[in-house]
Amino acid sequence: MPTAEIKNGVVVNSKNGPESKITSSKSKEVTQNKLGYDAFLKLLCAEMQYQDPLEPTSNTEYVAQLATFSQLEAMLSMQDTTTTNMANSLVGKIVDVEDEDLGKLVEGVVDYVKYIDGKAYVSVENKLYEIDKVKEVIDSTYYEATCLADALTQKVASLPSKENLTPSYKNTINDVYKMYDSMSMYARTFVDKSVIEKLVELKELADKFNTNVEGEQENNKVEETNETNQTSNNENQTGESTDNSTGE
């Protein structure tokens, strides 16, 4: 465990000489390593060594400092444990991570978590990102519901208006409506009300087109039947007239 060097009551960096003081902003050793018990005890001994003999520090204050340090170390340890648990829980989740190379957010599934020098990295789209780069975690059910809602919205937008609707769109409208009908109630909540209203209206009009076509087909069948019957009657009448003429 790294320790700090004490000279003349000042904490210095032993690597760069006594004139290079260790600071949290300029020293890599401090930023990369936590202050351990050994370093704390050295600081405590230096404080005792260089204290004012006329106003010495009481034993109670030393104990209080030690207790405070112990609490701080426990909090840091708990924070590390929390970060580790959070990182591990992201595996299989859909996340948005900040990609500094692309300059934008990247969306994908966390494949695994890797720890490098005590720091957690998540793998998204075959690339490692620091855990701090995770900007959003998306629930899989929510993600699926919003994707379905977006897909339905795009399909309805591609349909014609009711003024331009023709029977040729009947099958397309039925397919889109089946897609909407198969969606869960939760997924439907992400679809705008105007989109649903347009789809329902087009479906009703398409069904009327279908009814009209069937009615016309039925009328055509009736007319064909009537024409066939009329032709048969005419043939029968012609045959009777011929028979009568032959008899005479």
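Scope of this entry: the structure provided in the associated data block. Quick caveat, the model's predicted, so the values are computed rather than measured.

### Quick look at the pattern of salt bridges
According to the stated counting rule, one finds eight salt bridges in the structure shown. One salt bridge in this structure joins aspartate 99 and lysine 127, with 3.0 Å as the shortest N-O distance. Placement of the pair is aspartate 99 in strand β4 (residues 94-99) and lysine 127 in strand β7 (residues 127-130), with a sequence separation of 28 residues. In this structure, glutamate 100 and lysine 133 form a salt bridge, with 2.5 Å as the shortest nitrogen-oxygen distance. Separated by 33 residues along the polypeptide, glutamate 100 in the loop between β4 and β5 (104-116) and lysine 133 in the loop between β7 and β8 (134-138) bring together distant segments of the chain. By relative accessible area, glutamate 100 is classed as exposed at 56%.

### Quick notes on the nonpolar core
Leu152, Val156, Ile173, Val191 and Leu199 are the most contacted members of the largest nonpolar core, which totals 17 residues. Residues within four places of leucine 152 in sequence aside, it is in contact with Val176, Met179, Tyr180, Met183, Val191 and Leu199. Residues Leu90, Val106, Val110 and Val124 belong to the second largest nonpolar core, which totals 13 residues.

### Topic: helix α4 (residues 140-157)
Residues spaced three or four apart along an α-helix point in a common direction, a consequence of the helix completing one turn every 3.6 residues. Taking 1.5 Å per residue, 18 residues should reach 26 Å; α4 reaches 26 Å between its end C-alpha atoms and fits that length. Where α4 starts, the residue carrying a side-chain oxygen 3.0 Å from the main-chain nitrogen of threonine 141 turns out to be aspartate 139.

### So, the packing of α4 against helix α5 (residues 170-182)
The geometry of α4 relative to α5 is characterised by a closest axis approach of 10 Å and an angle of 160° between their N-to-C directions. Taken together, the axis directions place α4 and α5 in an arrangement best described as roughly antiparallel. Regarding α4 and α5, the two cross each other, and that crossing is left-handed. The segment α4 lies against α5, with Leu148, Ala151, Leu152, Lys155 and Val156 engaging Val176, Met179 and Tyr180.

### A look at the packing of aromatic side chains
Following the criterion strictly, the structure yields three aromatic pairs and no others. Here lysine 203 stacks its cationic end above the ring of tyrosine 177, 5.4 Å away from the centre of that ring.

Criteria and thresholds
Residues numbered from 1 in each chain as written. Predicted model: local features only at pLDDT ≥ 70, side-chain atom pairs only at ≥ 80, totals over all residues. Heavy atoms only, no water. Salt bridge = Lys/Arg side-chain N within 4 Å of Asp/Glu carboxyl O. Helix = DSSP H or I, 4+ residues; strand = E, 2+ residues; numbered from the N terminus. Buried < 20%, exposed > 50% of the residue type's maximum accessible area, 1.4 Å probe, protein only. Core = buried A, V, L, I, M, F, W, Y, C linked by side-chain atoms within 4.5 Å. Contact = heavy atoms within 4.5 Å. Expected span 1.5 Å × (residues − 1). Polar contact = N/O pair within 3.5 Å; in protein donor to acceptor, adjacent residues only side chain to side chain. Axes fitted to C-alpha atoms, helices over the stretch in contact; angles between N-to-C directions. Parallel < 35°, antiparallel > 145°, perpendicular 65-115°, else oblique. Left-handed = near helix turned anticlockwise from the far one by under 90°. Phe/Tyr/Trp six-rings, centres within 6.5 Å; stacked < 30°, edge-to-face > 60°. Lys NZ or Arg CZ within 6 Å of the ring centre and 35° of its normal.

Nothing here speaks to function; it is geometry throughout.
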